[in-house]
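Descriptive structure summary
Listed below are the residues making up each chain.
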Amino acid sequence: MSSQEEILRDGRFSCITRDPRFWEMPEKERKIKIDKRFRAMFHDKKFKLKYTVDKRGRPVNYTSTENLRKFYALSESDSDLSENDSKEHTKKKKKRKKAKSKGEAGS
């Protein structure tokens, strides 16, 4: 830590503390805002990949949807809708499956 302070005291690097290009990005601005047209990528099976090893060959247990949530966020107006829509979406799928199974049994 002291070496960092020495660097900042150096006249050649004093502008770094005042220059906004070198400031750390706020957490609110780190994630890219996605509108409601692309919210399906958070729950669609086409976008989901299950990783068993990381890029260095170590075993891991996570999916690509975790990475999507890490880098992308729904826009605030759509985030409330997306939670409700995802619940409704799963309910609709269940209803469709039940209807198909009843339709096939009746045929």
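Every chain begins its residue count from 1, and numbering advances along the sequence as written. For a predicted model such as this one, the threshold for reporting local features is a pLDDT of at least 70, and the threshold for listing and counting side-chain atom pairs is 80 or more; totals across whole chains, interfaces and linings nevertheless cover every residue. To get the side-chain values, take all heavy atoms of the structure and skip hydrogens and water.

Brief notes about the overall build of the protein chain
Here a helix means four or more residues in a row that DSSP labels H or I, a strand means two or more in a row labelled E, and each is numbered from the N terminus. Scanning the protein chain for helices and strands turns up four helices and four strands. Traced from its N-terminal end to its C-terminal end, the protein chain shows the element sequence α-α-β-β-β-α-β-α. Burial analysis of the protein chain (107 residues in total) assigns 13% to the buried set. Two residues qualify as a contact provided that any one of their heavy atoms is within 4.5 Å of a heavy atom in the partner residue. Within the protein chain, counting contacts between residues at least 6 apart in sequence, those at least 24 apart form 48% of the total. We call a residue buried when its accessible area falls under 20% of the maximum for its residue type, exposed when it is over 50%, and partly exposed in between, using a 1.4 Å probe and counting protein chains only.

Examining the pattern of salt bridges
Whenever Lys or Arg places a side-chain nitrogen within 4 Å of a carboxyl oxygen from Asp or Glu, that contact is recorded as a salt bridge. Here the structure, examined in full by the defined rule, presents five salt bridges. A salt bridge links Asp19 to Arg21; its shortest N-O distance comes to 2.7 Å. Salt-bridge contacts for Arg37 lead to Asp35; the nearest nitrogen and oxygen are separated by 2.8 Å. Classification of Arg37 as exposed rests on a relative accessible area of 63%. Residue classification places Asp35 among the partly exposed positions, given a relative accessible area of 27%.

Overview of the side chain of Ser75
By secondary structure assignment, the location of Ser75 is in the loop between β4 (72–74) and α4 (76–106). Beyond its immediate chain neighbours, meaning those up to four positions away, Ser75 contacts Lys33, Ile34 and Asp35.

Looking at the pairing of strand β3 (residues 59–63)
Bridge count between strand β2 (residues 50–53) and β3: three bridges; the pairing is antiparallel. Across the sheet, the residue bridging to Val53 is Pro59, located in β3. For two strands to count as paired, DSSP must find a minimum of two bridges between them. Here β2 hands over to β3 after five residues, with Gly57 in that stretch at a positive phi of 90°.

Quick notes on helix α3 (residues 64–71)
Among all positions in α3, only Ser64, Thr65 and Leu68 are buried. Seen end-on, α3 carries its buried residues on one side only, within an arc spanning 105°. Among the structural elements, β2, β3 and β4 are those in contact with the buried residues of α3. This arc is built from the directions going out from the helix axis to the C-beta atoms.

Topic: the side chain of Thr65
In this structure, Thr65 sits in helix α3. The class of Thr65 is buried, set by a relative accessible area of 13%. Here Thr65 is in contact with Phe42 and Lys48, once residues within four sequence places are set aside.

Details of the confidence of the model for the protein chain
Values of pLDDT, which run from 0 to 100, indicate the predictor's confidence residue by residue. Of all residues in the protein chain, 69% have pLDDT values of 70 or greater, and the mean over the chain is 75. Looking over the protein chain, one finds the lowest element-wise mean pLDDT in α4, namely 57, and the highest in strand β1 (residues 32–34), namely 87.

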